Amino acid sequence: MSGPIVIAVDGTAASGKGTLAQKLAEHFSFAHLDSGSLYRLVALGVVDAGGNPGNETDALAAARAIDVNGRDNVRLRSAAVGDAASIVSAHPAVRTVLLKFQRDFAAHPLGGAKGAVIDGRDIGSIICPDATAKLFVDATPDVRAHRRWLELTQRRAEPDEAAILKEIEERDRRDRERTASPLKPAPDALLLDTTHLDIDAAFAAALALVKPKVEEALKAVP
Ligand code: DC
């Protein structure tokens with residue numbers, strides 16, 4: 001492949017793909033894009049404008065207006081915004097607006113880096129089908145819900161693990177069943193099941209999977 005190196009890290013909600021993508025980017029000194037945050041920004045824009053995430057016109061107006069530098073991290077990471085992001089992401093027009101941003105990022109990684117790591121749902125299948133290496137990260141819903149619960153106990157008093165599991169399953173279902181770029185592994189993606197792995201072991205496994213392809217591609221970069 002010519003051009004910048006791309007590592008696509010797709011996967012289910014709360015699978016750990018964001019943390020893995022960030023660690024891979026640090027390891028290779030590549031730029032990192034969390035594409036889910038783009039859909040979250042669109043969702044936040046719709047909600048703040050008093051619109052309806054299910055309405056394509058409202059979602060498209062918000063997608064055209066997103067400011068990738070003006071992030072509100074606490075609200076952006078909330079479960080409610082994640083849910084609304086999953087709803088706006090089903091609109092094909094929204095995906096078309098964000099596709100351009102993501103492909104531009106892949107073609108011109110920030111800071112002149114030799115490559116980009118992009119995490120999301122359709123990076124290996126639609127956004128960067130020629131990516132240098134593709135991972136698809138998953139874990140059982142129970143384990144993902146438990147990890148999210150542990151994370152939330154550090155911020156909130158008593159998160160409800162059963163409710164978190166329900167949210168995760170609902171989000172996976174919506175992301176898998178939508179017609180526009182549904183969540184599914186690209187045919188050439190390397191599957192990484194993190195059910196029985198902690199973050200260090202998951203990173204070691206991710207690195208072992210992508211390293212041969214990335215190192216080969218780096219040889220061709222001046
Ligand atoms: O990864 P996340 O939880 O921040 O993503 C929020 C939602 O955005 C997710 O439920 C579906 C949507 N999304 C998408 O459709 N395509 C992507 N590449 C990334 C996220």
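Overview of the structure. On a predicted model such as this, the values are computed, not experimentally measured, just so you know. (Residues numbered from 1 in each chain as written. Predicted model: local features only at pLDDT ≥ 70, side-chain atom pairs only at ≥ 80, totals over all residues. Heavy atoms only, no water.)

Here we look at the nonpolar core
What counts, and what does not: Each nonpolar core is a collection of buried residues, namely Ala, Val, Leu, Ile, Met, Phe, Trp, Tyr and Cys, held together in the definition by side-chain atoms within 4.5 Å. For each residue, the accessible area found with a 1.4 Å probe, counting protein chains only, is set against the maximum for its type, and the residue is called buried under 20%, exposed over 50%, and partly exposed in between. Only DSSP runs of H or I reaching four residues or more are called helices, and only runs of E reaching two or more are called strands; each is numbered from the N terminus. Note on definitions: a residue-residue contact is assigned when non-hydrogen atoms from the two residues lie within 4.5 Å.
Counting residues in hydrophobic clusters, the biggest one holds 21 residues, and the most contacted among them are Ile7, Leu24, Phe28, Val117, Val210 and Val214. Those elements that provide at least two residues to this core are β1 (5–11), α1 (17–28), β4 (133–138) and α10 (199–219). In terms of residue count, α10 provides more of this core than any other element does, seven residues in total. Once you skip the residues sitting within four places of it in the chain, Leu24 turns out to touch Ile7, Val9, Val117, Leu135, Phe203, Leu207 and Val210.

Things to note about the site of the ligand
As a reminder of what qualifies: One heavy atom suffices: a residue is near a molecule or strand as soon as one of its heavy atoms comes within 4 Å of it. Identification of polar contacts relies on pairs of N or O atoms within 3.5 Å, with a donor-acceptor requirement for protein atoms, meaning one able to donate a hydrogen and the other able to accept it, and with residues adjacent in sequence counted only if both atoms are side-chain atoms. Using a 1.4 Å probe, accessible areas were evaluated by the Shrake-Rupley method; residue-level cover was limited to the displayed protein chains.
Taken together, 17 residues surround the ligand, and among them Arg40, Arg95, Arg121, Arg171 and Asp175 come closest. Here Ser35 contributes a side-chain N or O atom positioned 3.0 Å from a nitrogen atom of the ligand. Here Ser89 contributes a side-chain N or O atom positioned 3.4 Å from an oxygen atom of the ligand. For the ligand, whose free accessible area comes to 440 Å², the fraction covered by protein is 97%. The set of elements that each furnish at least two residues to the shell around the ligand consists of α2 (35–48), α5 (79–88) and α9 (161–177). At four residues, α2 tops the list of elements feeding residues into the shell around the ligand.

Things to note about the sheet that holds β1
Which entries qualify depends on this criterion: Only when DSSP finds a minimum of two bridges between them are two strands counted as paired. Whenever a helix is involved, its axis is fitted only over the stretch in contact; in every case the axis is a line through C-alpha atoms, and angles between N-to-C directions fall within 0 to 180 degrees.
Read across the sheet, five strands follow the order β2-β3-β1-β4-β5 without closing on themselves; strand pairing throughout is parallel. Each edge of the sheet is formed by a strand with only one pairing partner; in this case those strands are β2 (31–34) and β5 (190–193). Going across the sheet, the axis of each strand differs from the next one's by a mean of 20 degrees, ignoring polarity. Relative to the sheet, α2 contacts β2 and β3 (115–120), its axis offset from that of β2 by approximately 40 degrees.

Some remarks on the pattern of salt bridges
Put simply, the test is: Salt bridges are defined as contacts in which a side-chain nitrogen from Lys or Arg sits within 4 Å of a carboxyl oxygen from Asp or Glu.
Here the structure, examined in full by the defined rule, presents 14 salt bridges. For Glu170, the salt bridge goes to Arg173, with nearest N and O atoms at 2.8 Å. Taken as a pair, Glu170 and Arg173 lie in helix α9 at a separation of three residues, close to a single helical turn. Assessed through its relative accessible area of 30%, Glu170 is described here as partly exposed.

Details of the packing of α5 against α9
For the record, the criterion: An angle below 35 degrees is treated as roughly parallel, one above 145 as roughly antiparallel, one from 65 to 115 as roughly perpendicular, and anything else as oblique. Crossings are sorted by hand: turned counterclockwise from the far helix by less than a right angle, the near helix makes the crossing left-handed, and turned clockwise it makes it right-handed.
Across the interface, α5 lies against α9 with an axial gap of 9 Å and an inter-helix angle of 15 degrees. Between α5 and α9, the interaxial angle falls into the category roughly parallel. Viewed along their axes, α5 and α9 form a crossing whose handedness is left-handed. Where α5 approaches α9, its residues Ala79, Gly82, Asp83, Ser86 and Ile87 are matched on the opposing element by Glu167, Arg171, Arg174 and Asp175.

Thoughts on the packing of helix α8 (residues 141–153) against α9
For the record, the criterion: Under this grouping Gly is polar, as are all residues other than the nonpolar Ala, Val, Leu, Ile, Met, Phe, Trp, Tyr, Cys and Pro and the charged Asp, Glu, Lys and Arg.
Here α8 crosses α9 at 125 degrees, and the two axes come no closer than 9 Å. When the interaxial angle is binned, α8 and α9 end up oblique. Where α8 crosses over α9, the handedness of that crossing is right-handed. Across from Pro141, Asp142, Arg144, Ala145, His146, Arg148, Trp149 and Leu152 in α8, the residues of α9 making contact are Glu161, Ile164, Leu165, Ile168, Glu169, Arg171 and Asp172. When its residues are assigned to classes, the contact of α8 with α9 shows seven nonpolar, one polar and seven charged.

Section: the packing of aromatic side chains
Quick reminder of the rule: Only Phe, Tyr and Trp rings are paired, with Trp represented by its six-membered ring, and only when their centres lie within 6.5 Å; those with planes under 30 degrees apart are stacked, over 60 edge-to-face, the remainder tilted. Both a distance and an angle decide whether a charge sits over a ring: NZ of Lys or CZ of Arg must be within 6 Å of the ring centre and within 35 degrees of the ring normal.
By the definition in use, this model includes one aromatic pair. Here Phe28 and Phe30 contribute two aromatic rings whose centre-to-centre distance is 5.4 Å and whose plane-to-plane angle is 25 degrees, an arrangement assigned as stacked. Since its relative accessible area comes to 12%, Phe28 is described here as buried. Using a relative accessible area of 8% as the deciding quantity, one classes Phe30 as buried. The positively charged end of Lys23 is found above the aromatic ring belonging to Phe203, 5.5 Å away from the centroid.

A word on helix α6 (residues 92–107)
Threshold: Here the expected span of a helix is defined as 1.5 Å times the quantity of residues minus one.
With 16 residues, α6 extends 22 Å from end C-alpha to end C-alpha; this agrees with the ideal 22 Å at 1.5 Å per step. All buried positions along α6 are accounted for by Val94, Arg95, Leu98, Gln102, Phe105 and Ala106.

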